[in-house]
Structures are given as C-alpha cells and as structure tokens.
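# Structure assessment
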Amino acid sequence: MEFVSTRGNSPSASLREALFLGMAPDGGLFMPRFYPALDAISLREPQGQEWDELAGAVLAGFLGDSLGTETVTNLAHRALNFPVPMVQLSERVHVLELFHGPTLAFKDVGARFLASLLTHYRNPSGPPVTVLTATSGDTGGAVAHALHGLDGVRAVVLFPDGRVTPRQERQFSTLGGNVVSVAVQGDFDDCQRLAKEAFRVEATNTTDTNGILTSANSINVARFLPQTTYFFYAWLRLQVFFKTRTNVLFSVPSGNFGNLAAGLLAKASGLPDTSFLAATNVNDVVPEYLQTGVFSPRPSVTTMSTAMDVGNPSNLDRIVHLYGRDFGRLRQDLVGQRVTDEETSSCIGRIHRETGYVPDPHTAVGLVALEKHLELHPDHVGVVLATAHPAKFANVVEPVIGEEIPLPAALIRCLESERQVIPIEPRLEALQEILGD
Ligand SMILES: *Cc1c(COP(=O)(O)O)cnc(C)c1O
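Here's what I pulled together on the structure shown here. (Residues numbered from 1 in each chain as written. Predicted model: local features only at pLDDT ≥ 70, side-chain atom pairs only at ≥ 80, totals over all residues. Heavy atoms only, no water.)

## Things to note about the site of the ligand
The local shell around the ligand holds 15 residues, among which Lys-107, Asp-138, Gly-255, Phe-257 and Thr-387 are the closest. A distance of 2.9 Å separates an oxygen atom of the ligand from a polar backbone atom of Asn-259. Relative to its free-state accessible area of 380 Å², the ligand is covered by the protein chains to the extent of 98%. In terms of residue class, the shell around the ligand is built from six nonpolar, seven polar and two charged. (Near = heavy atom within 4 Å. Polar contact = N/O pair within 3.5 Å; in protein donor to acceptor, adjacent residues only side chain to side chain. Areas by Shrake-Rupley, 256 points an atom, 1.4 Å probe, with all protein chains shown as cover. Nonpolar A, V, L, I, M, F, W, Y, C, P; charged D, E, K, R; others polar.)

In structure tokens, the structure reads:
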C-alpha cells in the first residue's frame, strides 16, 4: 500500500515512511492510495467472532502487501488484546464499548497498533525515535501507555494545562521513564499547532542529530487505520444479532474526527448498508459545515466532553479527500448533530434511571445525537461508539447519577503515583528546548 497526501502535493509514501513522517511534507494527512474491496460478510467466515482476528483481516486488506498478511495478523493480535463488548440499551440502540484497553478510552486501539508498528520497523542500532503527541485528554494517556518502557523510543505529550481532567492527566503524567509530559499554557489548538510547527521544522532540518521525530496523533495513519476495524465488527455482530440483513447508523462522538473518518473509510472499503452521524458538543464546526457547506474553524470552547473540544479538526481533510470533494455524496452518508452540555447531562441521568447503564459524557453526546436521528432512519439500527469509561469523567457523571462509579484497577494505580510535568508557554522555542534534550 502506498499513502498519498490529502493535499496532493507530496510524493506518495510507503507505510514505513508514513508512520515515521506522521504528516505529509505538504502539510496534508496521509490516506491509503486505494481502498480495498473487503467483503464484509465473508470477513466473518474464517475469522470467527473475535474482534482482534477480524481486525487482522480488515487491516490485512490495507497493509497485507506492505507487511505480509501474517505479520499484520500478529501485530493486530498483540495490539488489540482487549474485548469490545456491545451492549443493547433499547430495541434499536446499541453501544459499542471501545474503552476496555489500558487507559479506558478508545484511543488505546490506535495507540497500541502504532506502538506495535513502531517496534516492528524501528532500527535497534539507529537513532532514537521521539513520538510527539498533542492531546485534548485521552490521546496522551493512550500513547504514553502504549510506548512506556519501549527501547529507543521517547514519548513527549503536549497537553493544555488545566483543560484535561485530573484523572486523564494522571494517566500520562505519572509514568515517567521514557514519557515526558509538557503542560502547555494554552488550549488544545495551541498544542496541535506547536506539534505541527515542530514537524515542519523537522522536515526541513537536514542536519538532524537528535533522531527521528514522529507523531502519534490521530493524524498518523498507524493510529487511523485500526479504527476502521470496529465498524466492521459492530456491523457483523448486528447481522448475527438480528439474523437478517440490517442497516446500521453509527453515531460517532467526534472532536478531531479521526474516528469518524475511519468509519467512512471502512464504508469506502466495503462496509455495506451503513450511514454515519457526526455527534459533537457545541464545538460544532463540522455539523455546521455539513449543513451549510461552509467550514469556519474557530477557537474551541470548554464543555463537559472535553476530549471533543476541538475548534479546527484535522481529520476533516481526510473526509473531504475520501469523497473527492463531492459534497452531495458526503451528505448522503453523513449528517451532523450538535449537542449541548445540558442535553448531555440529562441524557446521562435518564439512561441511568431507565436502564442502569452509565455512559460517559462523550458517549452521551453520541446517544443524544442518535436519539434525534433514529426517527429519520426508521429502517436503521443505531450504534453509539462508547469512547471512554465513565470513571474517567466521574467529576461530571457522579453528581448526575448520584452514585459513585467504582474505580477500575488501572485508574487506581496512576492516581496513587507522583505527577511529573514540565510547564511551557505555547511557543515553538520552548518546545524545541525539550525536544533537543
Ligand atoms: C478523542 C476522543 C473523542 C474524539 O475522537 P476523534 O477521533 O478525535 O473525533 C471522543 N471521545 C473520547 C473519550 C475521546 O478521547
């Protein structure tokens, strides 16, 4: 597989090049040059019902010619070693729980696959690899955990100081060792901009002695591609569950839009009978774009679903690229829905009262959006991607449900450890001082 830039001004890259470059030299994002024609139904046959096996088969469609089918299968098996349960909340509402990895958020999926690919390609006698990651909350923990303790790899996590929850911050800032946590005095967009600037400088720096700089943001194809797999998995589970061919509406709680772009790529690669809902909080530049055709990025505002507080989502480029700029066709597959904090918290309370289920605030945004749109899709069954465990957002969820959420063991461990962060102004020079160390 070759990877092309969404901006179309860079030569195509191999998987290895795309992995280490992170972003294409022209500032675009890498996308696979072609989309494999996967047959969703037959994917199930030899692989059984296990997610990691199915994921291996889906990823082999993209990466089999680069790595060999067996290697892809092994990497998927090693990285995606946690369950993805599907919970039914009502006749037509299902929740796909993507938060059973080590940091209790769906970002473990991409981060762990990226880490296993880095170890596969890394030259043990070559220069060290620095993985620079901007996080709005969950990416930092997922990437830091996936890379922690790997030889010859250093993880640098940029996060907006005070804008991620204390628990999210603990998940990366307590690891130490090869993980460096940087508290940027600004918002997530500042962090993302700093990371982009650092990569741009790196790309033009030919006398580099500090080793390789790469990104582990959702812009990296190695994180992006494995996210296609659970759309196939959920779709197949529902075909089995309903015993007849079933149309599926995926509600994707979105911030930087990597998850949703991966769903649309799954559709382009053979996932049939599927439509998508871009569920956002009031940071609604994409729902607005889908309605008006005008994309106007703006500074993000803080909400209770903090991991989705993104004012200029990078992965929209991938979505536009996928549809060849055919806006009409995009709108057939994708609608947007903006959800307020008030709707989010009342949804958490109501779902808990009615079903006993406790969604986290991001998942609740997806649920509200789905409830608004399922009526318009009378022949569809809805799936909300549950992107985080509610215990990560206990500060929001517990007052609403009036109960304590039991802490998963993984969270207890990092809450008990010492926090280590380096504060910086949102300027490139300040970041470079840390990277140059
Ligand atoms: C990152 C994140 C999202 C948004 O995912 P994108 O791929 O950036 O759209 C949603 N929910 C949670 C819990 C997240 O961590």
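## Looking at the sheet that holds strand 13 (residues 422-424)
The pairing of strands in a sheet happens through backbone hydrogen bonds and is either parallel or antiparallel. As summarised here, the arrangement of the five strands in space is 8-5-6-7-13, forming an open sheet in which the pairing is parallel. The sheet terminates laterally at strand 8 (212-215) and strand 13, the two strands that pair on one side only. Across the sheet, the mean angle from the axis of one strand to that of its neighbour is 25 degrees, orientation sign disregarded. In the sheet, strand 7 (residues 179-184) pairs with strand 13 via three bridges, with the strands oriented parallel. (Pairing = 2+ DSSP bridges. Helix = DSSP H or I, 4+ residues; strand = E, 2+ residues; numbered from the N terminus. Axes fitted to C-alpha atoms, helices over the stretch in contact; angles between N-to-C directions.)

## Side note on the sheet that holds strand 12 (residues 380-386)
On the basis of which strands lie adjacent, the open sheet formed by six strands has the order 3-4-12-9-10-11 and mixed pairing. Two strands bound the open sheet, and with one partner strand each, they are strand 3 (86-90) and strand 11 (334-338). Here the strands of the sheet are splayed against their neighbours by 25 degrees on average, with no regard to which way each runs. Here strand 10 (residues 274-280) runs beside strand 11; their pairing, made up of five bridges, is parallel. By the bridge assignment for strand 11, Phe-276 is matched with Leu-334. Each of strand 3, strand 4 (93-97), strand 9 (247-253), strand 10 and strand 12 is contacted by helix 10 (residues 229-242), which is oriented at about 140 degrees to strand 9, the strand it contacts most. (Contact = heavy atoms within 4.5 Å.)

## A word on the nonpolar core
Judged by nonpolar contacts, the single largest core of 97 residues is most densely connected at Leu-96, Phe-231 and Phe-250. Broken down by element, this core gets its largest block of residues, ten residues, from helix 3 (residues 51-67). Once residues lying within four places of it in the same chain are set aside, the contact partners of Leu-96 are Val-84, Pro-85, Met-86, Tyr-230, Tyr-233, Ala-234, Val-383, Val-384, Leu-385 and Ala-386. Counting 32 residues, the second-largest nonpolar core is a separate cluster that includes Val-93, Leu-277, Met-308 and Ala-364. (Core = buried A, V, L, I, M, F, W, Y, C linked by side-chain atoms within 4.5 Å. Buried < 20%, exposed > 50% of the residue type's maximum accessible area, 1.4 Å probe, protein only.)

## Concerning the environment of Thr-387
Summarising the element assignment, Thr-387 is placed in the loop between strand 12 and helix 17 (394-401). For Thr-387, a relative accessible area of 6% puts it in the buried group. C-alpha of Thr-387 to C-alpha of Glu-91: the two residues are 296 residues apart in sequence and 21 Å apart in space.

## Examining the packing of aromatic side chains
Tallying each qualifying case throughout the model produces nine aromatic pairs. Relative to Phe-82, the ring of Trp-51 lies with its centre 5.6 Å away and its plane at 55 degrees, an arrangement referred to as tilted. A residue pair is termed long-range when its members are at least 10 positions apart, and Trp-51 in helix 3 and Phe-82 in the loop between helix 4 (69-79) and strand 3 qualify at 31 residues. Take Phe-82: its relative accessible area is 7%, and that puts it in the buried class. Centroid distance Phe-241 to Phe-242: 5.0 Å. Interplanar angle 80 degrees. Geometry classified as edge-to-face. Residue classification places Phe-241 among the partly exposed residues on the basis of a relative accessible area of 44%. Chaining the aromatic ring pairs together yields one cluster made of Tyr-230, Phe-231, Phe-250 and Phe-276. The positively charged end of Arg-318 is found above the aromatic ring belonging to Phe-224, 4.2 Å away from the centroid. (Phe/Tyr/Trp six-rings, centres within 6.5 Å; stacked < 30°, edge-to-face > 60°. Lys NZ or Arg CZ within 6 Å of the ring centre and 35° of its normal.)

## Topic: the packing of helix 5 (residues 107-121) against helix 6 (residues 138-147)
The interhelical angle for the contact between helix 5 and helix 6, taken along N-to-C directions, is 35 degrees, at an axis separation of 8 Å. As for the relative orientation of helix 5 and helix 6, their crossing is right-handed in sense. Residues Lys-107, Asp-108, Ala-111, Arg-112, Ala-115 and Leu-118 of helix 5 touch helix 6, and the partners they reach there are Asp-138, Thr-139, Ala-142, Val-143, Ala-146 and Leu-147. Per-class residue counts for the contact of helix 5 with helix 6 are seven nonpolar, one polar and four charged. (Left-handed = near helix turned anticlockwise from the far one by under 90°.)

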